[in-house]
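This is what each chain is made of:
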Amino acid sequence: MNEDASQELSANREVDPDAPQSAGGLHVSPSRKLSAFVGLVAGALAVTTGMVVAALGNVASPIDAVGSSFIDRTPRWLKELAIEWFGTNDKTALRVGIVVVLILVSLISGSLSNKSPSPLISAIVVFSILGALSASERTGSTWVSIAAPCVGSLAGIAIALFMLRQINNQWLLKHFPSESQAPLGWDRRRFIRTASTASAGAVVLGALAQNGEQNRIDRIESQIPDSLPTVADSSGNNGSEPVAGELLYITPNADFYRIDTALSFPNVNLDTWKLRIHGMVDNEIVLTYQDILDMPQIERTITICCVSNEIGGPYIGNAVWQGVLLRDLLEQAGVQTGAEQVFSRSLDGWTCGFPVDVAIDGRDAMLAIGMNGEPLPLEHGFPARLIVPGIYGYVSATKWLKDIEINKWSDAVGYWVPLGWSRDAPIKTQSRIDVPRNNQELQPGVNKIAGVAWAQHTGIEKVEVRIDKGEWIEATLSEDLTDDAWRLWSCDWVATSGKHTAQVRATDKSGYTQTETVTSVAPDGATGWHTRKFSVI
């Protein structure tokens, strides 16, 4: 070949980088854009295949397994930031984030595989190992949990090799020669057919996986009974009339906040589920769901709150809980001298602990199986959970409960404590303005300012409001039904034109008045006065 012909062939090879060719025995590697697309298709097929295998095995998807492991290893500051940014949508945001990372890695590793498939195959293998390891450390995982990402990786690698060979990848042609090395080599139509089929397959598998997960949840929820036994001892009460037409004393189940570490609900099988109470007790107790149903039932109105609730935040709710008193169960078990901690475990592996004294000091700490007159919903802990007045949920409110161990503080540490949260977590006296809404426009004249105040297991004595840092005005409180639940408050204010600021503070029955000092939710709950701004037109 003379020099001119060589230069002409070289120029031709640069004309269409997206069209690999074969001429005179010289093979041109595909462009990075094309191989990046192969990476995207292979990655999608690997993930969705793994999800389908997991769904068929009635286990959480590999994405949820990886997400749960990520949550377990996330530092406190990042968890707080996620809740601040996304609120109760933080789990959805995490799933989206994982998918975005998978897409980026697939594109990048695919683009680097235009000469050798090693980068893409390596990326798929690494993610499958990550998925398998994450699944293996989850409580309740099975061999299917570990196999799912591995099977997915095989599907991804197979389609990657097949598609890369179709676009005349030099490495594949060298190691797996075929008739595709003919002078015309590159076959756009065949590649498009393969890509379309694989892409459609990934979409279908993804839909099947989602349907399988919904079927799993439906199977769990089908075990929830239609009703609960009659309550023998009730202090449950729907409480006061709504304030200002907006505030309810009892928070409906559908509106009740949910903060937990579970990306997907754990599997619940009432035929095998048991609650074990053991450790430093005289008599170990094992209870089935039917055993709990057969016990004399109580109802108690109790407000629970998340420690991540900022001043004026939404992560608090008041409900009528049904179940049995925890202290009765512990008396039956016989707590031994020297015991310090009630340490509980969830079906999904979550743990927490609180002082034994809190469970037996007379407060209505409960093993709850009902919520607002209905069996406990799955998202709120079916089949059973703990409700403990006066301490934050991160040390007490275990959902999907399976185990209570009575032990010493040195024996076990709850999930959040190693991440920098306090071991002891009494709920702080707080109040919130709900009416008017922030930046709402009001009409001149009499307007109602209203909200809620809480100091669980201590009780609210007084709530005061001030406008534009003027004199404090004592608000009218709803009926004092129980110290373990919040109280609604309201006051009338004659509004004048302009921009205004309202603040609220509560005084509990111990005589303590909220401090104005603003502190973060970490390590044991926020402090400060809630403030809202609004205008009168």
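The model shown is predicted, which means the values in this text are computed figures rather than measured ones.

Moving on, we come to the overall build of the protein chain. The helix and strand tally for the protein chain stands at twelve helices and 22 strands. When each of the 537 residues of the protein chain is scored for burial, the buried share is 52%. Pairs at least 24 apart in sequence give 75% of the contacts found in the protein chain among residues at least 6 apart. A total of about 24,300 Å² of accessible surface is found on the protein chain, and carbon and sulfur atoms cover 55% of it.

Okay, the packing of helix H2 (residues 32-56) against helix H9 (residues 188-221) next. Packing of H2 against H9 leaves a shortest axis separation of 8 Å and a crossing angle of 30°. As summarised for this structure, H2 and H9 are arranged roughly parallel, according to the angle between their axes. In terms of crossing hand, the pair formed by H2 and H9 is left-handed. Of the residues that constitute the contact of H2 with H9, the class distribution is 16 nonpolar, seven polar and one charged.

On to the packing of aromatic side chains. On inspection of all chains with the given rule, the structure shows 13 aromatic pairs. Ring geometry for Phe 256 against Trp 321: centres 5.8 Å apart, planes inclined by 85°, an arrangement best described as edge-to-face. Here Trp 321 lies in strand E7 (residues 316-325) and Phe 256 lies in the loop between strand E3 (231-234) and strand E4 (275-279), a separation of 65 residues in the sequence. Trp 321 gets classed as buried once you look at its relative accessible area, which sits at 0%. Consider the rings of Trp 273 and Tyr 289, whose centres lie 6.4 Å apart with planes at 75°: the pair is edge-to-face. In this pair, Trp 273 is assigned in the loop between E3 and E4 and Tyr 289 in helix H10 (residues 289-294), connecting sequence segments 16 residues apart. Classification of Trp 273 as buried rests on a relative accessible area of 4%. In this structure, Arg 423 is placed above the aromatic ring of Trp 409, and the distance from its NZ or CZ to the ring centre is 3.8 Å.

This paragraph deals with unusual backbone geometry. The residue after Phe 382, namely Pro 383, is reached through a cis peptide bond having omega 15°. If you trace the backbone, Pro 383 turns up in the loop between strand E11 (374-375) and strand E12 (385-387). A positive phi angle, close to 60°, is found at Asn 58, a residue other than glycine. Positionally, Asn 58 belongs in the loop between H2 and helix H3 (62-73). Phi is positive for Asn 372, close to 55°, though the residue is something other than glycine. Along the chain, the position of Asn 372 falls in the loop between strand E10 (366-371) and E11.

Relative to the 32 Å expected for 22 residues at 1.5 Å per residue, helix H5 (residues 90-111) spans 31 Å between its end C-alpha atoms, a close match to the ideal helical length. Restricting attention to buried positions, one finds in H5 the residues Asp 90, Lys 91, Leu 94, Ile 98, Leu 102, Ser 106, Ser 109, Gly 110 and Ser 111. Packed against the buried residues of H5 are H2, H3, helix H4 (76-86) and helix H6 (118-136).

Let's shift gears to the confidence of the model for the protein chain. Chain-level pLDDT for the protein chain is 89 on average; 89% of the residues reach the 70-or-more range. Ignoring residues within four places in sequence, the model shows residues 1-28, a span with pLDDT below 50, making 36 contacts including any to other chains. Confidence over residues 180-185 falls short of pLDDT 50; this stretch has eleven contacts with residues more than four positions distant or in other chains.

Formed by 81 residues in total, the largest nonpolar core has its most connected members in Phe 354, Leu 367, Ile 404 and Ile 406. The greatest single-element share of this core, amounting to four residues, is contributed by helix H11 (residues 326-333). Setting aside its immediate chain neighbours within four residues, Ile 404 contacts Leu 275, Arg 276, Ile 277, His 278, Leu 326, Val 342, Phe 343, Ser 344 and Leu 386.

In this section: the state of the cysteines. If you walk through the whole model with that rule in mind, you get zero disulfides. Cys 305 forms no disulfide, and the closest cysteine sulfur to it belongs to Cys 306, at a distance of 6.8 Å. Judged by relative accessible area, which is 3%, Cys 305 ranks as buried.

The next thing to look at is the sheet that holds strand E21 (residues 498-508). As summarised here, the arrangement of the five strands in space is E15-E22-E21-E17-E18, forming an open sheet in which the pairing is mixed. The outermost strands of the open sheet, each flanked by one partner alone, are strand E15 (441-442) and strand E18 (473-474). Summarising the sheet, E21 and strand E22 (residues 530-536) pair through seven bridges and their orientation is antiparallel. Bridge pairing in E22 places Thr 501 opposite Lys 533.

Conventions used here
Residues numbered from 1 in each chain as written. Predicted model: local features only at pLDDT ≥ 70, side-chain atom pairs only at ≥ 80, totals over all residues. Heavy atoms only, no water. Helix = DSSP H or I, 4+ residues; strand = E, 2+ residues; numbered from the N terminus. Buried < 20%, exposed > 50% of the residue type's maximum accessible area, 1.4 Å probe, protein only. Contact = heavy atoms within 4.5 Å. Areas by Shrake-Rupley, 256 points an atom, 1.4 Å probe, with all protein chains shown as cover. Axes fitted to C-alpha atoms, helices over the stretch in contact; angles between N-to-C directions. Parallel < 35°, antiparallel > 145°, perpendicular 65-115°, else oblique. Left-handed = near helix turned anticlockwise from the far one by under 90°. Nonpolar A, V, L, I, M, F, W, Y, C, P; charged D, E, K, R; others polar. Phe/Tyr/Trp six-rings, centres within 6.5 Å; stacked < 30°, edge-to-face > 60°. Lys NZ or Arg CZ within 6 Å of the ring centre and 35° of its normal. Expected span 1.5 Å × (residues − 1). pLDDT = per-residue confidence, 0-100. Core = buried A, V, L, I, M, F, W, Y, C linked by side-chain atoms within 4.5 Å. Disulfide = S-S within 2.5 Å. Pairing = 2+ DSSP bridges.

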